[in-house]
Amino acid sequence: MKVATAAYNLDWLDSWAQYEDKLERWVSDAAGQGAELLVFPEYGAMELSTLDGVDVAGDLERSILAVSDRMEDVQNLHQRLAQNYKTYILGASAPVVDGPDRPVNRAAFYAPDGKQDHQDKQIMTRFERESWDIAAGGPLKLFDTALGKIGVLICYDSEFPLLGRALSDADLILVPSCTEALSGYWRVRIGAMSRALENQCVTVMSSLVGNNEWSEAVDMNTGTGGIFGPPDKGFPATGVLTEGTLNQPGWAYAEVDLSVIASVRSDGHVLNRTHWDEQPPRVDSVTLSAL
């Protein structure tokens, strides 16, 4: 399969039609290159807050609620695009109010047959906890698709090995991200590459890029798209299948072969995925006296 991962920039939107045109252009470009799976980044839906004006877009709480209110229309648009272009699409994540409690950070996953589901972020960053008050969502899911088994670890979630281990049966793990600084980008990238190493799978990282003075939530963004595998048989020695140019909007593409994933899992130079249980369950504390 061919996978496309986005370095996605936000725009100020004056109309819903402008957003429809933008999304269709992005999807059309990737599908035109033969991509069967498209991955958009974390909080890419925050540009929808601009449709309610500068006062709403610039206010953290009001922008969260404004975006959540538009998610039904967003889902309908993505369903149509996935069907028309015959692609799987992980849509940009958004704060979504789903019940009486605080919003969750949710990325919806769309199939070319019109079906959809979603993955909620599990562990919040400090900014999400202390400023946004975003809540942890539902459990991790493993999506069984015509392209293989696919999991999603949203940004910070990719930095936790046990979340990755819970998706050890996934052929691909998608990592939509939103990182303000270069250090944040590298934390998520290192997490994504580590999960590919441990699970002997492919991880697909998408990034929000560009600066947006109108937003308190996503005002500064650093990153690029990247697709990673274990540095082992059938994969590049670096583990990097592809990467975009830092902070430059656009798609990055890579071919992913499920048979290569299966092969490295069964007969790689190392077999990380099968040796997980050999790690000691505890560590003894040893005190060494000073000389």
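Residues numbered from 1 in each chain as written. Predicted model: local features only at pLDDT ≥ 70, side-chain atom pairs only at ≥ 80, totals over all residues. Heavy atoms only, no water.

Peer 1: Tell me about the overall build of the chain, residues and numbers included.
Peer 2: Regarding its fold elements, the chain presents eight helices and 13 strands. A compact globule built from 291 residues would reach a C-alpha radius of gyration of about 19 Å, and the chain, at 19 Å, matches this within 12%. Dimensions of the chain, computed from the C-alpha atoms along their principal axes, are close to 65 × 50 × 35 Å. Sequence-distant contacts in the chain: of pairs separated by 6 or more residues, those separated by 24 or more amount to 65%. Element-wise, carbon and sulfur atoms account for 49% of the exposed surface of the chain, whose accessible area totals about 13,100 Å². Looking at the chain, you have 23 positive and 42 negative side-chain charges, and the mean spots of the two groups are 5 Å apart. (Helix = DSSP H or I, 4+ residues; strand = E, 2+ residues; numbered from the N terminus. Rg over C-alpha atoms; globule rule 2.2 N^0.38 Å. Contact = heavy atoms within 4.5 Å. Areas by Shrake-Rupley, 256 points an atom, 1.4 Å probe, with all protein chains shown as cover. Lys, Arg positive; Asp, Glu negative; His and termini not counted. Charge placed at Lys NZ, Arg CZ, Asp CG, Glu CD.)

Peer 1: For the nonpolar core, give the residues involved together with the corresponding values.
Peer 2: Generally speaking, a soluble globular protein has its nonpolar side chains buried in company with each other. In this structure, Tyr8 and Phe40 are the most contacted members of the largest nonpolar core, which totals 43 residues. Secondary structure elements with two or more residues in this core: β1 (2-9), α1 (16-32), α3 (60-69), α4 (71-85), β4 (94-96) and β5 (104-110). Phenylalanine 40 has contacts with Ala6, Tyr8, Leu23, Trp26, Val27, Ile89, Leu90, Gly91, Ala92, Pro176, Ser206 and Trp251, leaving out every residue within four places of it along the chain. Counting residues in hydrophobic clusters, the runner-up holds 38 residues, among them Val3, Leu147, Ala192 and Cys201. (Core = buried A, V, L, I, M, F, W, Y, C linked by side-chain atoms within 4.5 Å. Buried < 20%, exposed > 50% of the residue type's maximum accessible area, 1.4 Å probe, protein only.)

Peer 1: A description of the pattern of salt bridges should follow, citing residues and the corresponding values.
Peer 2: Throughout the structure, instances matching the rule amount to 18 salt bridges. Between arginine 265 and aspartate 171 there is a salt bridge whose closest N-O contact spans 3.8 Å. Placement of arginine 265 in helix α8 (residues 258-267) and of aspartate 171 in the loop between α6 (161-166) and β9 (172-177) is noted, with a sequence separation of 94 residues between them. Judged on exposure class, the residue arginine 265 and its partner aspartate 171 are both buried. Among the ionic pairs, lysine 233 bridges to aspartate 267, the shortest N-O distance being 3.3 Å. Pair noted here: lysine 233 is in the loop between β11 (226-228) and β12 (240-243) and aspartate 267 is in helix α8, with a separation of 34 residues, a long-range link. (Salt bridge = Lys/Arg side-chain N within 4 Å of Asp/Glu carboxyl O.)

Peer 1: Explain the packing of aromatic side chains residue by residue, including any values.
Peer 2: Aromatic ring pairs are reported here in terms of the distance separating the ring centres and the angle at which the planes meet. Applying the stated criterion to the full structure yields 13 aromatic pairs. Both rings, one in tyrosine 8 and one in phenylalanine 40, keep their centres 5.6 Å apart while their planes meet at 90°; by these two values the pair is edge-to-face. Taken together, the positions of tyrosine 8 in strand β1 and phenylalanine 40 in the loop between β2 (37-39) and α2 (54-57) put the pair 32 residues apart, joining distant regions of the chain. In this structure tyrosine 8 comes out as buried when scored by relative accessible area, which is 2%. For phenylalanine 40, a relative accessible area of 1% translates into the label buried. Taken together, the ring pairs connect Tyr8, Trp26, Phe40 and Trp251 into an aromatic cluster. Sitting over the ring of tyrosine 253, lysine 2 keeps its end group 5.2 Å from the ring centre. (Phe/Tyr/Trp six-rings, centres within 6.5 Å; stacked < 30°, edge-to-face > 60°. Lys NZ or Arg CZ within 6 Å of the ring centre and 35° of its normal.)

Peer 1: Could you give me a rundown of unusual backbone geometry, with the residues and numbers involved?
Peer 2: Excluding glycine, residues mostly carry a negative phi; peptide bonds, for their part, are mostly trans. In the Ramachandran plot, aspartate 133 falls in the positive-phi region, its phi being about 60° despite a non-glycine side chain. Mapping aspartate 133 onto the fold places it in the loop between α5 (126-132) and β7 (142-145). What makes aspartate 133 partly exposed here is its relative accessible area of 39%. One non-glycine residue, glutamine 200, lies in positive phi territory at about 50°. Its place among the elements puts glutamine 200 in the loop between α7 (182-199) and β10 (202-209). In this structure glutamine 200 comes out as buried when scored by relative accessible area, which is 1%.

Honestly, that's just the spatial picture; any functional story needs more than this.
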